[in-house]
Amino acid sequence: MSREPFSKLTSRTFVLSQENIDTDQIIPARFLTSTLRDGYGKAAFYDWRYDANGRPKNSSIFNGYNRETHKILVAGPNFGCGSSREHAPWALLDFGFRVVISSDIADIFKSNALKNGLLPVTVDDATHRRLLASPGIEVTVDLENESVTIEGLGEAHFKVEPFARRCLIDGVDPLGHLLNQVAAIEAYERADR
Amino acid sequence: MKSQSLFDKVWARHVVVEETAEAPAVLYIDLHLIHEVTSPQAFTVLNERGLKVRRPDRTLGTLDHSTPTLKADAKGKLPYASREAEEQVAALIRNCDEHGVELLGLGDPRRGIVHVIGPELGATQPGKTIVCGDSHTSTHGAFGALAFGIGTTEVGHVLATQCLLQRKPKSMRVTFFGTLPAGVGAKDMALAMIGEIGADGGQGYAIEFAGPAVEALSMEGRMTLCNMSIEAGARVGMIAPDEKTFDWLKGRDFAPKGDAWDQAVEEWNGLATEEGAHFDREVEIDVSALAPMITYGVSPDVSAAVNAFAPSPASGVERHAADYMQFETGKAFSEAKVDRVFIGSCTNSRLEDLRAAAAIMRGRKVKRGVVALVVPGSEAVKRAAEAEGLDRVFIDAGAEWREPGCSMCIAMNGDAGAPGDLVVSTSNRNFVGRQGKDVRTVLASPATAAACAIEGTIADPRRYLEGAGDVA
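Quick caveat: nothing in here was measured; it's all calculated off a predicted structure.

On to the overall build of chain B, then. Each helix and strand counted, chain B has 15 helices and 19 strands in total. On C-alpha atoms alone, chain B measures out to a radius of gyration of 22 Å, which is about the 23 Å that the 2.2 N^0.38 rule sets for 472 residues. Each principal axis of the C-alpha distribution contributes one length, and for chain B these read about 60 × 60 × 50 Å. Split into buried and exposed, the 472 residues of chain B put 64% on the buried side. By sequence separation, contacts in chain B at least 24 residues apart represent 74% of the contacts at least 6 residues apart.

Residues and elements named next belong to chain A. Residues of helix α5 (residues 125–132) that are buried: Thr127, His128 and Leu131. Down the axis of α5, the buried side of the element spans an arc of 100°, and every buried residue falls inside it. Residues of α5 that are buried in the fold lie against β1 (8–16), β2 (70–75), β3 (99–102), β5 (138–142), β6 (147–150) and β7 (154–157). Regarding α5, its N-cap is Asp124, as a side-chain oxygen of that residue lies 3.2 Å from the backbone nitrogen of Ala126 further along.

Each regular strand carries side chains that alternate between the two faces of the sheet. All names here are of chain A. In terms of residue burial, β5 counts as a mostly covered element, since four of its five residues are buried. As paired elements, β5 and β6 share four bridges and run antiparallel to each other. Opposite Thr140, over in β6, you have Thr149 as the bridge partner. What sits between the antiparallel neighbours β5 and β6 is a turn of four residues, in which Glu146 has the positive phi angle 50°.

Attention now moves to the packing of aromatic side chains. A complete count under the given rule lists 24 aromatic pairs over all chains for this structure. An angle of 50° between the planes, with centres 4.9 Å apart, marks the rings of Phe31 of chain A and Tyr46 of chain A as tilted. In this pair, Phe31 of chain A sits in the loop between α1 (23–26) and α2 (46–49) while Tyr46 of chain A sits in helix α2, placing the two residues 15 residues apart along the sequence. Taking relative accessible area as the criterion, Phe31 of chain A reaches 25% and is therefore assigned partly exposed. Both rings, one in Phe176 of chain B and one in Phe209 of chain B, keep their centres 6.3 Å apart while their planes meet at 45°; by these two values the pair is tilted. With Phe176 of chain B in strand β9 (residues 170–177) and Phe209 of chain B in strand β10 (residues 205–210), the pair connects residues that are 33 residues apart, well separated along the chain. Residues Phe176 of chain B and Phe209 of chain B agree in their burial class; the two are buried. Through a chain of ring-to-ring contacts, the aromatic side chains of Phe14, Phe45, Trp48, Phe62, Tyr65, Phe95 and Phe97 of chain A assemble into a single cluster. Lying across the ring of Trp248 of chain B, Arg252 of chain B places its NZ or CZ 3.7 Å from the centre.

Right, let's get into the interface of chain B and chain A. Contacts between the two partners involve 64 residues from chain B and, on the opposite side, 56 residues from chain A. When the two sides are added together, the surface that chain B and chain A hide from each other amounts to roughly 4,800 Å², 56% of it contributed by carbon and sulfur. Area buried by chain B at its contact with chain A is led by Gln41, Gln203 and Lys437 of chain B, which between them contribute 13% of it. Taken together, chain B and chain A are joined by nine salt bridges.

To continue, consider the domain arrangement of chain B. All names here are of chain B. Here chain B is described as being made up of domain 1 (6–166), domain 2 (170–242 + 266–286) and domain 3 (298–464). If you average the C-alpha positions of domain 1 and of domain 3, the two centres end up 28 Å apart. Across the boundary between the two partners, domain 1 contributes 23 residues, which contact 25 residues of domain 3. Summed over both sides, the interface between domain 1 and domain 3 buries roughly 2,000 Å², with carbon and sulfur atoms accounting for 56% of that surface. Inspection of the region where domain 1 meets domain 3 yields two salt bridges. Across the contact surface, domain 1 and domain 3 share 14 residue pairs in polar contact (both at pLDDT 80 or more). Here the side of domain 1 that touches domain 3 takes four residues from helix α4 (residues 114–121), the largest share from any one element.

Moving on, we come to the environment of Phe158 of chain A. All names here are of chain A. Relative to the assigned elements, Phe158 resides in the loop between β7 and α6 (162–170). What makes Phe158 buried here is its relative accessible area of 4%. Taking C-alpha positions, Phe158 is 18 Å from Asn112, a pair spaced 46 residues apart along the chain. Those residues in contact with Phe158 that lie beyond four places of it in its chain are Leu119, Val121, Thr122, Val141, Asp142, Leu143, Glu146, Ser147 and Val148.

Before going further, it helps to spend a moment on the state of the cysteines. This structure, assessed with the given rule, holds zero disulfides over all chains. Here Cys132 of chain B stays free of any disulfide, with the sulfur of Cys406 of chain B as its closest cysteine sulfur at 9.6 Å.

This next bit is on helix α12 (residues 351–361) of chain B. Listing the buried residues of α12 of chain B in full gives Leu351, Asp353, Leu354, Ala357, Ala358, Ile360 and Met361 of chain B. Following α12 of chain B by one or two positions, Gly363 of chain B adopts a phi angle in the positive range, close to 75°.

Moving on: the pattern of salt bridges. Residue and element names in this part refer to chain A. A full pass over the atoms with the stated rule returns 39 salt bridges over all chains. Across the salt bridge formed by Asp24 and Arg85, the nearest N and O atoms sit 3.3 Å from each other. Of the two residues, Asp24 sits in helix α1 while Arg85 sits in the loop between β2 and α3 (87–95), which places them 61 residues apart along the sequence. The salt bridge involving Glu146 is made with Arg165; its shortest N-O contact spans 3.7 Å.

On to the nonpolar core. Within the largest apolar cluster, 85 residues are counted, with the highest numbers of intra-cluster contacts made by Phe79, Leu92 and Phe109 of chain A together with Val341, Met361, Phe394 and Ile458 of chain B. When residues of this core are assigned to their parent elements, the largest contribution, seven residues, is made by helix α15 (residues 446–455) of chain B. Split by domain, this core shows at least three residues from each of two domains, domain 1 (6–166) and domain 3 (298–464) of chain B. Leaving out residues up to four positions away in the same chain, Leu92 of chain A has contacts with Ile26, Phe45, Leu73, Phe79, Phe97, Val100, Phe109 and Leu118 of chain A.

This part covers the environment of Thr23 of chain A. With respect to the helices and strands, Thr23 of chain A occurs in helix α1. As for Thr23 of chain A and Asn145 of chain A, which are separated by 122 residues in sequence, their C-alpha atoms are 29 Å apart.

About the criteria used
Residues numbered from 1 in each chain as written. Chains lettered and ligands numbered in written order. Predicted model: local features only at pLDDT ≥ 70, side-chain atom pairs only at ≥ 80, totals over all residues. Heavy atoms only, no water. Helix = DSSP H or I, 4+ residues; strand = E, 2+ residues; numbered from the N terminus. Rg over C-alpha atoms; globule rule 2.2 N^0.38 Å. Buried < 20%, exposed > 50% of the residue type's maximum accessible area, 1.4 Å probe, protein only. Contact = heavy atoms within 4.5 Å. Arc of directions from axis to C-beta. Polar contact = N/O pair within 3.5 Å; in protein donor to acceptor, adjacent residues only side chain to side chain. Pairing = 2+ DSSP bridges. Phe/Tyr/Trp six-rings, centres within 6.5 Å; stacked < 30°, edge-to-face > 60°. Lys NZ or Arg CZ within 6 Å of the ring centre and 35° of its normal. Buried area = accessible area lost by both parts, 1.4 Å probe. Salt bridge = Lys/Arg side-chain N within 4 Å of Asp/Glu carboxyl O. Domains from an automatic or database assignment. Disulfide = S-S within 2.5 Å. Core = buried A, V, L, I, M, F, W, Y, C linked by side-chain atoms within 4.5 Å.

Rendered as structure tokens:
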């Protein structure tokens, strides 16, 4: 999965209102034996979509999902908690999501998502409740202005760590940025030991 | 100068470039631990960009997540869960070889779960920054190290530059008062702490655990407590180093020797949090009346005393958990039938944990119909346990004694429960399906897990205490 730039997106929302959706839900551990970076979309929310025999569940909430129109995931609080697996944002992106909105997103997941072009957006509780209550509503997420505009319901603001934001909008490469610090790193190593 | 916390000091000593409004700090990493699951894509990036591992001498690899815990067959072939799992192991062997990274591979007497071997080898030391592509890296904080889990992209950053881009998190101190009652341990403290803070209460924080009940813990107990920081949402959990820390580390392979040791201890003695240091949040927990804890939901913050009754679900999330876990409202947890018991994982697979379980299983039998798996955390733990006959205790009781690895904690190596099973587990996560599809997980201490194996139901380990009457 290559890092994809992000600046602005308008799409319908797909709502998973449950609290504490952990990365084992997003991609179960048995799909982590691959050494590749792509192809994880088919394992996204696998146990929510398929039964023990691998047959699609009739009752799955994902039966109402369309990757062309639902690029914004609205999730319950503490989304992405648990395991640090970067396979979680890889799976969500490959599945079709570009944005995750919640009132509260787990630290490691947030960091991983930002590095792959999946935008984690934390909104206030009132906006979050409104979004949870309106599945499929059209939302515009503008990273430049750090705003979420909800069709007919107004606007809310969010914050993204400034460096990660610049990386997403301008395509700055964080590893390149670190590699540019090599003189400082060498100086630190000399002084350290 | 302003009073500093343990975390402040370790952080400040590793800042290569200060953070600004525009960019995070460049933070130097002293020790990078890698394993087969979260490293292959990072090595791919390195190879694509023609980069080398900057400090192979500060990088240490092990195999633990995908490795079988059953022995090899007569032809020497290990029973991998899939060909892909085997290839993943082969990829780490190849990557470490190509980049000159030391790998504690299959057959190495030092191999084991990444968070067990780091401390065991003395590679984990006070004041160090330690990262790994694994959320339970917080374990190493038990030694006064600043240790946290990272994603695979960041594994690549550390491989290439030995540094990470990080903003300094907020700080929280959790102080444990009182004296633990008999039969109650670090795992119970951890579950109580997560219940108090909530599964997301530690988000954005580095936690320091302090207070008399933490000082009284063994190093193993401290590791169990720090291990579970991430289940409260905090990437970092740490404890000030003291004499116990130094005694535990002295003489280990990677620990400093001779004059260097004395110098290190002097430096480590200066790491503790100073009087008046600022914390963004303070939490206090009294352990005097703490009971052995179990979880009964699908998030580690949903816990109760082992001898309690299943409460009536009060919210949507609790109803969802109750539907999945199938504990009947108003009924004692002790009425719930257990199908499987797992004693192991980076939370509870060290010698002290195995001793606690063996003390209860000695001379008793695992209840008919219950499958009990005991998986030591490392080759060294396995040898030490066997040297004192713990393997015989488990085997005689009817439990399985396996090879070291993560096993049923993450259930990606083929060790898993069957759909519908109620599993009492000494691991760290009770998420839906974590230990196998539709498996219901109850988290508990090694003592509680052992008692459950014997009784075949959720059971209170305190009734097995020496000289105990019928506590329950």
